[in-house]
Amino acid sequence: MTPLLFMVLAMEMGVIITMLFHSPLRNLIIMGLDRLKQGRGLMTSRTIFATLFIVFVFNVYDILKTQKRMIEVGTTNPTDQVLLANHVLEASLMGFCLFLGLMIDRLHYYVKELWLLRKSLKVTRDSNPIQPVNKNKKA
């Protein structure tokens, strides 16, 4: 599961970097996210998010249970250390995936809002042209 989480993290970081800079690929990603948020796509993405969150919570619970067992015994078992390291790695990767997913959602919202704001500003400018001020006039 760790290689899959690393791949998801790399893809999410790539989407975020692409959304930060204006390019044709950014427009393609925005259109894809718009379509994803329509119809059943939104429900599917929320289900995946909820499943990942539940697995994240169980990993954190396993981490706490392993630490509690290590404290009760008083000695460290090599098997417990390996399990603990694996759970910590998976939990941190899942937490990063969830955070970057939320970041992509917010970036999509802000980029869309900025695009609509610029569009309305352009329409306003075209309908009300501002007269240039002549600085060479004498009073």
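Above: the structure in question.
About the thresholds
Residues numbered from 1 in each chain as written. Predicted model: local features only at pLDDT ≥ 70, side-chain atom pairs only at ≥ 80, totals over all residues. Heavy atoms only, no water. Helix = DSSP H or I, 4+ residues; strand = E, 2+ residues; numbered from the N terminus. Rg over C-alpha atoms; globule rule 2.2 N^0.38 Å. Buried < 20%, exposed > 50% of the residue type's maximum accessible area, 1.4 Å probe, protein only. Areas by Shrake-Rupley, 256 points an atom, 1.4 Å probe, with all protein chains shown as cover. Lys, Arg positive; Asp, Glu negative; His and termini not counted. Charge placed at Lys NZ, Arg CZ, Asp CG, Glu CD. Expected span 1.5 Å × (residues − 1). Contact = heavy atoms within 4.5 Å. Core = buried A, V, L, I, M, F, W, Y, C linked by side-chain atoms within 4.5 Å. Phe/Tyr/Trp six-rings, centres within 6.5 Å; stacked < 30°, edge-to-face > 60°. Lys NZ or Arg CZ within 6 Å of the ring centre and 35° of its normal. 1 Å grid on protein atoms, 1.4 Å probe; cavity = no way out; pocket = protein on both sides within 12 Å on 5 of 7 lines; lining within 4 Å. Points joined across faces, edges and corners; volume = space filled by probe spheres on them. Nonpolar A, V, L, I, M, F, W, Y, C, P; charged D, E, K, R; others polar.

Caption draft 1: Representation of the overall build of the chain within the structure. A tally of helices and strands in the chain yields four helices and zero strands. Secondary structure of the chain in N-to-C order comes out as α-α-α-α. By the compact-globule yardstick of 14 Å for 139 residues, the chain is too spread out, its C-alpha radius of gyration being 25 Å. Its C-alpha atoms put the chain at 90 × 40 × 20 Å along the principal axes. Going through the 139 residues of the chain one by one, you find that 22% of them count as buried. Of the roughly 11000 Å² of accessible surface on the chain, a fraction of 69% belongs to carbon and sulfur atoms. Within the chain, the 9 negative side-chain charges are centred at a point lying 18 Å from the centre of the 17 positive side-chain charges.

Caption draft 2: Highlighting helix 1 (residues 2–20). Look at helix 1: 27 Å from first C-alpha to last across 19 residues, which is about the 27 Å you get at 1.5 Å a residue. Packed against the buried residues of helix 1 are helix 2 (24–36) and helix 4 (78–127).

Caption draft 3: Geometry of the nonpolar core. Core analysis: the largest hydrophobic core is formed by 14 residues, its most contacted members being Leu5, Leu9, Ile16, Met19, Leu33 and Ile104. The set of elements that each furnish at least two residues to this core consists of helix 1, helix 2 and helix 4. Per-element tally for this core: the top contributor is helix 4, with seven residues. In contact with Ile104, not counting residues within four places along its chain, are Glu12, Val15, Ile16, Met19 and Leu33.

Caption draft 4: Region of interest: the packing of aromatic side chains. Evaluation of the coordinates by the stated rule reveals two aromatic pairs. For Arg106, the ring lying beneath its charged end belongs to Tyr109, and the centroid distance is 4.8 Å.

Caption draft 5: Representation of the layout of surface pockets. Estimated volume of the largest pocket: approximately 930 Å³. Along the wall of the largest pocket there are 25 residues; nearest its centre are Glu12, Leu36, Ser45, Phe49 and Gly101. Listed by contribution, the elements that provide at least two residues to the lining of the largest pocket are helix 1, helix 2, helix 3 (40–73) and helix 4. Considering each element in turn, the lining of the largest pocket owes the most residues, eight residues, to helix 3. Considering only residue class, the lining of the largest pocket consists of 16 nonpolar, five polar and four charged. Of the volumes computed, that of the second largest pocket is approximately 270 Å³. Lining the second largest pocket are His22, Arg26, Asn27, Ile30, Met31, Val111, Lys112, Leu114, Trp115 and Arg118. Residue assignment for the lining of the second largest pocket shows that the elements contributing at least two residues are helix 2 and helix 4. Element by element, the count of residues in the lining of the second largest pocket is highest for helix 4, at five residues. Across the lining of the second largest pocket, the residue classes break down as five nonpolar, two polar and three charged.

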